[in-house]
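Take a look at the letters that make up each chain.
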Amino acid sequence: MNGPTRTPVAIVGGGPVGLMLALLLDRHGVPSTVFDTAEAPHRTPRGNTHNARTMEHYRRLGIATPIRALGLPGEHPTDIAYFTRYNGHELSRLPLPSRNTRMRRTGRAPATDQTPEPVHRANQMYVERFLAEHVRTRPRITLRLGRTVTGLRQEADRVTLRTEDPAGRVHDVAASYAVGCDGGRSFVRRTLGVHYEGPGSLGQEVLGRRATAAHLRLPTFHRDVMTGTRAWSYWAFNSALAMNLIALNGEDEFFLLTSSADPDRTGPGPLADLVRRAAGTPLPVEVLGHRPWTPGAALVAQRFTFGRVLLAGDAAHLFTPNGGFGMNTGVDDAANLAWKLAGVLHGWGGPGLLASYESERRPIAHRNTTAARELNAALGTVERPAALEEDGPAGTGARERVGDLLRCYGERTHSLGVQLGARYDGSPLVAEDGEPPADSWGTYTPSGVPGGRAPHLWLDSWHGQGSSLFDRFGTGWTLLRLGGRAPDSKPLEAAAQARGMPLTVLDVDLADGRDLYGRDLVLVRPDQHIAWRGDRPPTDPEELMARVTGSVAGTKGAA
């Protein structure tokens, strides 16, 4: 065994969170090495939703457009539809636009539209494969698939990982920092002795207890069973069973989620029979794979940082899939962490910068896991009376009542407030100024109050052609000069330059921009969250820059 290979950042776990962390570090000029036990990206279905915030992160990396080409065909509706059985009564439908329709609307959006990148439905297995291929084009990223991390040792100035390749050869890797993105059974988290806290599974019949996830091929489903308007999510909902079939490719592949089959006792044959019962007809079913899972969990790690080792994604928090918050929260972890690692490694970040990762992201993990669990619990309260499938007035009445409940539930799953509303109020890196909007899981209120995501704005000269304010932000920090009458920003620029901070100064001469942000000057962090705002430079620009980079402890209130 030779001496250890060196890398600035070692990332354990090559799923979407680990790959996105590597790509975001690369954007900040930081090399990394990604290790994953699997020898190829997963080919089994997992998460299906890339929310508006995650799509913004993809856009920053220049990969939103190719990712939007994955998954369902462009004109395939993304409706959420509920049926007694798939050949039976339709109980409710939440109409949602196809990818092509969604993106055509963006071109006609008002200047203050807050979703430059709307939610996209594409299974995680497709996107993970794309990310792995894209990572291979980035010379600063080394991807080590088929490499199992078997040991982890921390020292004052490094982390040493012991890895083993498929041939049993042992390799040591020395890193300045290591990040565990290795899932719910994280080797990194367990090695650190860090445990999850929070409630586990919900004891309910609909997506509760122990559940089954399966990858199916249903070649005649759209031809012989669902002959009407297609959907993305097809629920069968009756007194005997509850099942969700999620369309993967818009043709014959589906992702099944159900608690109506015991995962420890159910094989491919019984699963196929259950699908036929849900369909109400003996359609052909091929079970490509199945696995157990536990819905209802809202688990958050006790700690996200342990010296030079950090946790992100499922290693730090474990979700029920309702709302599609799990992977997306992990990608937002990566966005928060990447620039902080870059700041420390490039020398402009202070000792408090990495410490702020846990203090900012752990409350968001609690918020988002709670939101997902409550959505799961709400679905379990919807009644499934025997009369649902009856003809006559009793059946009609039951279907109307249940349909109304399901419609309300479906609307709650939009959860734009969860997607875009994460705030870091109280963070030592944020200079408080003003009252933040009330937190809402369902709705997002744009605000220039420091701590939240910078409000989006379509720029007039590009409006309707797909360019946004976010496209003009720098890779590092961005200082917005708003409204056409902003004061001299040279003191802030000089303070940033003295610290070696990468800073882009951007003039936005639009009244909409000044109204959205509420001040003439706004300092935006590399993760697009607001660090400070004011109508004039602070009296001590050096102190402000030291604060927002974690070099000095923050004090309450703006400078």
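What you see is a predicted model, and the numbers here were worked out from it, not measured in a lab.

Any chance you could explain the packing of aromatic side chains here in plain terms?
To describe a pair of aromatic rings, one takes the distance between the centres and the angle between the planes. Taken as a whole, this structure holds 11 aromatic pairs when the rule is applied. Their ring planes at 15° and their centres at 6.3 Å tell us that Trp339 and Trp348 sit as a pair that is stacked. Its relative accessible area of 6% is what places Trp348 among the buried residues. One aromatic cluster in this structure is built from Phe83, Tyr86, Phe221, Tyr234 and Phe254. A cation over a ring is seen here: Arg121 above Trp232, with NZ or CZ 4.0 Å from the ring centre. The ring of Tyr177 has Arg308 sitting right over it, with the charged end atom 4.9 Å from the ring centre.

Where do I start with the sheet that holds strand β23 (residues 521-524) in this structure?
Strand pairing in a sheet is mediated by backbone hydrogen bonds. Such pairs are either parallel or antiparallel. Pairing in this open sheet of four strands is mixed, and the strands run β22-β21-β23-β24 from one edge to the other. Looking at the sheet topology across the chains shown, the edges are occupied by β22 (503-508) and β24 (530-534). Pairs of neighbouring strands in the sheet enclose a mean axial angle of 15°, with direction left out of account. Of the pairings in the sheet, the one linking strand β21 (residues 477-482) to β23 comprises four bridges and is antiparallel in character. If you follow Thr478 over to β23, its bridge partner there is Val524.

Help me understand the pairing of strand β10 (residues 170-180) in this model?
Side-chain direction in a regular strand flips from residue to residue, so the side chains alternate between the two faces of the sheet. Counting buried residues in β10 gives eight out of 11 residues, a clear majority hidden from the surface. Sheet topology places strand β1 (residues 5-12) next to β10; seven bridges connect them, and they run parallel. The residue of β10 that forms the bridge with Val12 is Gly180. Where strand β9 (residues 159-164) lies against β10, six bridges are found, and the strand directions are antiparallel. From the neighbouring strand, Val159 faces β10, where its bridge partner is Ala175. Between β9 and β10, which follow one another and run antiparallel, lie five residues, and Gly168 among them has a positive phi close to 90°.

Even after reading the chapter, I still don't get the packing of helix α1 (residues 16-27) against helix α9 (residues 326-346), so can you show me in this structure?
Each pair of packed helices can be described by the angle between their axes along with the distance between the axes. Direction vectors running N to C along α1 and α9 enclose 30°, while the axes themselves pass 9 Å from each other. On the basis of their axis angle, the class for α1 and α9 is roughly parallel. Considering how the two elements wind past one another, α1 and α9 form a crossing that is right-handed. Here Pro16, Val17, Met20, Leu21, Leu24 and Leu25 of α1 come into contact with α9, specifically with Met327, Gly330, Val331, Ala334, Ala335, Leu337, Ala338 and Leu341. A per-class count over the contact of α1 with α9 returns 13 nonpolar, one polar and no charged.

The rules behind these values
- Residues numbered from 1 in each chain as written.
- Predicted model: local features only at pLDDT ≥ 70, side-chain atom pairs only at ≥ 80, totals over all residues.
- Heavy atoms only, no water.
- Phe/Tyr/Trp six-rings, centres within 6.5 Å; stacked < 30°, edge-to-face > 60°.
- Buried < 20%, exposed > 50% of the residue type's maximum accessible area, 1.4 Å probe, protein only.
- Lys NZ or Arg CZ within 6 Å of the ring centre and 35° of its normal.
- Pairing = 2+ DSSP bridges.
- Helix = DSSP H or I, 4+ residues; strand = E, 2+ residues; numbered from the N terminus.
- Axes fitted to C-alpha atoms, helices over the stretch in contact; angles between N-to-C directions.
- Parallel < 35°, antiparallel > 145°, perpendicular 65-115°, else oblique.
- Left-handed = near helix turned anticlockwise from the far one by under 90°.
- Contact = heavy atoms within 4.5 Å.
- Nonpolar A, V, L, I, M, F, W, Y, C, P; charged D, E, K, R; others polar.

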